[in-house]
Amino acid sequence: MSFLRRRSGTPAGPDFDVLAMDPGDWPGLFGAAVMTGPDGSCQGIFLRYDLFGGRGPAMFIGNLPEGSPARDTPDGVPFEVRQLLQALEVEEPVEFVSAEDFPVMLRDDLLIVKKVKVSEERVFCAQFDRSDQVQVTIASWDRPIADDLYQLLKPLPGEMFQQG
């Protein structure tokens, strides 16, 4: 994904473009959160897509740069899955089950997507690494992640997520 590039910037927000579905294309509510490190650097951007009508979160998309503590969870359950379940007030314990790599065509590029399976069967999760070493994780509630979802992802400028 060569169109995603690092930029120099202030530590108040990400120095990378955020890969997401455009909020204008989503029929419900959209929210974003910045994970800030102790030095003020951006350790991740998390996007929450809620269904229209207040039916709760449908999807979380995380963009985690290299070195983010949220990338490596000790139990293998992605951070975004935990955030989705917390937002949905699902209190049952969830465990990592398996992960498998799948090839996905993204325009003219081949994208290797890791599909993560967890013990909560209503959660669907996929991860991939961008060319700038940012890991993207999509966690979806009760909706399988189809290959055409990757076609809807586009870079949103990091300036949209500046803390202020």
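Being a predicted model, the structure only gives us computed values, none of them experimental. (Residues numbered from 1 in each chain as written. Predicted model: local features only at pLDDT ≥ 70, side-chain atom pairs only at ≥ 80, totals over all residues. Heavy atoms only, no water.)

## Some points on the confidence of the model for the protein
Do not read the fine detail of predicted coordinates wherever pLDDT is low.
Right, on to step 1. For the protein, per-residue confidence averages 86 on the pLDDT scale, and residues scoring 70 or more make up 90% of the total.
Right, on to step 2. For the stretch residues 1-11, pLDDT sits under 50, and the model shows 34 contacts to residues farther than four places along the chain or on other chains. (pLDDT = per-residue confidence, 0-100. Contact = heavy atoms within 4.5 Å.)

## Thoughts on the packing of aromatic side chains
Right, on to step 1. Under the counting rule described, the total for this entry stands at 3 aromatic pairs.
Right, on to step 2. Relative to Tyr49, the ring of Phe30 lies with its centre 5.2 Å away and its plane at 50 degrees, an arrangement referred to as tilted. Of the two residues, Phe30 is situated in strand β2 (residues 29-36) and Tyr49 in strand β3 (residues 42-50); the sequence distance between them amounts to 19 residues.
Right, on to step 3. A ring pair is formed by Phe46 and Phe79, whose centres lie 5.0 Å apart and whose planes are at 45 degrees; its orientation type is tilted. Of this pair, Phe46 sits in strand β3 while Phe79 sits in helix α1 (residues 79-87), and the two are 33 residues apart along the sequence.
Right, on to step 4. Here the basic side chain of Lys115 rests over the ring of Phe102, its NZ or CZ set 4.7 Å away from the ring centre. (Phe/Tyr/Trp six-rings, centres within 6.5 Å; stacked < 30°, edge-to-face > 60°. Helix = DSSP H or I, 4+ residues; strand = E, 2+ residues; numbered from the N terminus. Lys NZ or Arg CZ within 6 Å of the ring centre and 35° of its normal.)

## Re α1
Counting along an α-helix, one turn takes 3.6 residues, and residues three or four places apart therefore face a common direction.
Right, on to step 1. For α1, every residue scored as buried is listed here: Glu80, Val81, Leu84 and Leu85. Viewed along the axis of α1, the buried residues span an arc of 135 degrees, placing them on a single side of the element.
Right, on to step 2. As for α1, its buried residues are in contact with β3, β4 (57-64), β6 (109-118), β7 (123-129) and β8 (135-141).
Right, on to step 3. Two residues or fewer after α1 comes Glu89, characterised by a positive phi angle close to 60 degrees. (Buried < 20%, exposed > 50% of the residue type's maximum accessible area, 1.4 Å probe, protein only. Arc of directions from axis to C-beta.)

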